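# Structural overview
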Amino acid sequence: MDEFVNKGLELNGSDAADIPKSGSVCRISVEGYDTSVHAFDVELTLRKHFSSCGEVKNVNVPEDFVRGILKRCAYICIVGECALEKALQLSGSDVRGWTISVQASPFHRPMCIDPGRALVAVAYLSRQEYRMMVTGYDTSLPELDIQIGLCKHFSTCGEVTGVLIPGDRRTGGLNSKALVTVVGEGAAEKARELSGCDVKGWDITVVGVTDLGAKRNRSSSCRSLPMKSKALDEEDKGVESSR
């Protein structure tokens, strides 16, 4: 399972180093979405909506960590000919019942980090977070459509914070196994109960679960030790199978 993790699960970054240096690149700010919806859900929706403007390289949906909701303004980087003009034309359009507003947001305009993030650091370490390996979706569909489908399916288990679908080197398409990260009390048990459910014709099955919260706490408790035993190393790699 770790081979998938190494490919990265951060889908909501804002690192300017990832943005190509080209005249066809633009950054826009978007307002009007529901700030009570989870960040990853909003990110996928905005990626889908603005995909007609070019290649969506980055979507940053900032969170208000003090109030526990999203901030009202998201930032999107798009690559493509006339990407900015196309994106601005979507201002006022309807997205899931939201009427969004779009403005140009030059790269030299900074995106401030919420100082409230530090206040939730302890809560982050103690939260229940699980990474589930799932199968059963249609790999012939676009990756974004699968991510949206899996996000919606597992949203009943808690907050879905990431859906990673690696490529399949043998076929050149998408891998038949995806990683879905969910935060919430009892999320793993709820996800297992959804195994075998029909989702748009998909027979989604949870084949493995990793308790990221427990793994993170073990790592934190071992940082003060001079070295970790081989036995503990093996324990850290354990995956609780749902089969």
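Residues numbered from 1 in each chain as written. Predicted model: local features only at pLDDT ≥ 70, side-chain atom pairs only at ≥ 80, totals over all residues. Heavy atoms only, no water.

An unreviewed UniProt entry lists the chain under the name RNA-binding domain superfamily, with Arabidopsis suecica as the source organism.

### A word on the overall build of the chain
Short version of the rule: Numbering of helices and strands runs from the N terminus; a helix is a DSSP stretch of H or I covering at least four residues, while a strand is a stretch of E covering at least two. Exposure is judged per residue with a 1.4 Å probe applied to protein chains only, and the accessible area is read against the type maximum: over 50% gives exposed, under 20% gives buried, and values in between give partly exposed. Whether two residues are in contact is decided by their heavy atoms: any pair within 4.5 Å suffices.
Assigned secondary structure in the chain consists of eight helices and 13 strands. Buried residues in the chain amount to 42% of all 243 residues. The long-range fraction of contacts in the chain, counting pairs at least 24 apart against all pairs at least 6 apart in sequence, stands at 73%.

### Some remarks on the sheet that holds strand S2 (residues 55–60)
Here is the rule: At least two bridges found by DSSP between two strands are what make those strands a pair. Axis geometry follows a simple rule: fit a line to the C-alpha atoms, using only the stretch in contact for helices, then measure angles between N-to-C directions, giving values from 0 to 180 degrees.
Strands sit in the order S2-S5-S1-S8 across an open sheet of four strands; the sheet is antiparallel. Here the strands that pair on one side only, and so sit at the sheet edges, are S2 and strand S8 (101–104). Going across the sheet, the axis of each strand differs from the next one's by a mean of 30°, ignoring polarity. In this sheet, strand S5 (residues 73–79) lies alongside S2 in antiparallel orientation, the contact comprising five bridges. Bridge pairing links Val59 to Ile76 in S5.

### Thoughts on the environment of Thr171
Quick note on the threshold: By the criterion applied in these results, polar contacts are pairs of N or O atoms within 3.5 Å in which, for protein atoms, one can donate a hydrogen and the other can accept it, and in which residues neighboring in sequence qualify only through two side-chain atoms.
Assignment of secondary structure puts Thr171 in the loop between strand S10 (159–164) and strand S11 (178–183). Its relative accessible area of 60% is what places Thr171 among the exposed residues. One polar contact links the side chain of Thr171 to the main-chain amide nitrogen of Gly173, over a distance of 3.1 Å.

### So, the pattern of salt bridges
Worth spelling out the cut-off: The rule for a salt bridge is simple: a side-chain nitrogen of Lys or Arg has to be within 4 Å of a carboxyl oxygen of Asp or Glu.
What the rule picks out here adds up to seven salt bridges. Of the charged contacts in the structure, one is a salt bridge between Glu43 and Arg47, with a shortest N-O distance of 2.9 Å. Here Arg47 and Glu43 lie together in helix H2 (residues 39–50), a separation of four residues that amounts to about one turn.

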